[in-house]
Each structure stands twice: as C-alpha cells, then as structure tokens.
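The chain contents come next:
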Amino acid sequence: RRLNTLDRTTQVIYFLLGLLEILLALRFVFRIINSNTANGFVNFIYNLTAPFVAPFNGIFNDQAVTRGSVVEFSTLIAMAIYALIAWGIVKLLNVLLRPNPSSREVFTNTRRMS
C-alpha cells in the first residue's frame, strides 16, 4: 500500500513538472520568436510563468537576437532548476517511504519442476 502511494505521488510530481516545463518552453519560444504580447494566449503564458522565472532573472543578461527577439536564459535556468528540484523530491520520498529490502516478505516455492 505504501508503494502505491509513493508511486502515485511520484507520478503527480513528474506530471506537474512536465506541465511547468511545457509552459516555460512555450515562454522561451515566444520570447525568441518575438510573439505579440497583445495576443491573449501569449500574454496568459507570460503572466502565468512570470513567478516561476522571477527568481532567476538577472543571473545572466538576456541576449537580443534581432530587434524584439530575446534569448531568455533565465527561463532555461528555471527549467533546469525545477527539474532538479522535482528529481530531488522524488529521490527523498523514495529514501523516506520505500520499504527496506530486508522488511519485504519473501515467498518460496518448494515444489519441484518435472
């Protein structure tokens, strides 16, 4: 039962990470191709992902590719850091909640095969 809960929790964490990574990737692509910020969907993605990118702003200077087009390194760093955090949480949960191999029940079969 504990393993089922651990596996389900791991799936939820990786699902949420995947969702965040997709949103951040969209933000990165929209910035690099200079998407119109007046568009509702683009604006929604920028506003939704801004709090996740904010802690990493200013680590590197964003590089302008062309007029208006920007390579936003803070988004790439955010994607890497959040992936590491999710991986670390899953590993910590495995350490804390996975049963010890010695505590598992072992079943043996003494029947001979003929």
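Participant: So what's going on with the overall build of the chain? Which residues, and what values?
Facilitator: Along the backbone of the chain there are three helices and two strands. Shown N-terminal to C-terminal, the secondary structure of the chain runs as helices and strands in the order α-α-β-β-α. Within the chain, contacts between residues separated by at least 24 positions form 61% of all contacts whose residues are at least 6 apart in sequence. Looking at the chain as shown, the accessible area adds up to about 8500 Å², and 62% of this sits on carbon and sulfur atoms.

Participant: Break down a nonpolar patch on the surface for me, citing the residues and quoting the values.
Facilitator: Taken together, the side chains of Tyr-14, Ile-81, Leu-84, Ile-85, Trp-87 and Ile-89 make up a nonpolar region of the molecular surface, amounting to roughly 570 Å² of accessible area. Sort the elements by how many residues they give to the nonpolar patch and helix H3 (residues 73-97) lands first, with five residues. Relative to the helices and strands, Ile-81 is located in helix H3.

Participant: Please provide a residue-by-residue account of the pattern of salt bridges, values included.
Facilitator: Under the defined criterion, the tally for this structure stands at two salt bridges. When the shortest N-O distance is used, the salt bridge between Glu-72 and Arg-31 registers 3.7 Å. Within this pair, whereas Glu-72 is found in the loop between strand S2 (69-71) and H3, its partner Arg-31 is found in helix H1 (residues 2-32), the two being separated by 41 residues in sequence. The exposure class assigned to Glu-72 is buried, which follows from its relative accessible area of 3%. Residue Arg-31 is classed as partly exposed on the basis of its relative accessible area of 24%.

Participant: Before we move on, can you summarise the nonpolar core with the specific residues and values?
Facilitator: Counting residues in each nonpolar core, the largest one holds 14 residues, and the members touching the most others are Ile-13, Leu-24, Phe-56, Ala-78 and Tyr-82. Take this core: its biggest share by element is seven residues, from H3. Setting aside residues no more than four positions away along its own chain, Leu-24 makes contact with Thr-49, Phe-52, Val-53, Thr-75, Ala-78, Met-79 and Tyr-82. Grouped together as the second largest cluster of nonpolar side chains are five residues, Leu-23, Phe-30, Val-42 and Ile-45 included.

Participant: Kindly report on unusual backbone geometry, identifying the contributing residues and their values.
Facilitator: Despite not being glycine, Asn-34 shows a phi value in the positive range, around 55 degrees. By the secondary structure assignment, Asn-34 is in the loop between H1 and helix H2 (40-53).

Participant: For the environment of Lys-91, give the residues involved together with the corresponding values.
Facilitator: In this structure, Lys-91 sits in helix H3. What makes Lys-91 partly exposed here is its relative accessible area of 42%. For the pair formed by Lys-91 and Thr-10, sequence separation is 81 residues and the distance between their alpha carbons is 9.3 Å.

Here is what the cut-offs are and how they apply
Residues numbered from 1 in each chain as written. Predicted model: local features only at pLDDT ≥ 70, side-chain atom pairs only at ≥ 80, totals over all residues. Heavy atoms only, no water. Helix = DSSP H or I, 4+ residues; strand = E, 2+ residues; numbered from the N terminus. Contact = heavy atoms within 4.5 Å. Areas by Shrake-Rupley, 256 points an atom, 1.4 Å probe, with all protein chains shown as cover. Patch = residues over 30% accessible without salt bridge, like charges linked within 9 Å, V, L, I, M, F, W, Y side chains within 5 Å. Salt bridge = Lys/Arg side-chain N within 4 Å of Asp/Glu carboxyl O. Buried < 20%, exposed > 50% of the residue type's maximum accessible area, 1.4 Å probe, protein only. Core = buried A, V, L, I, M, F, W, Y, C linked by side-chain atoms within 4.5 Å.

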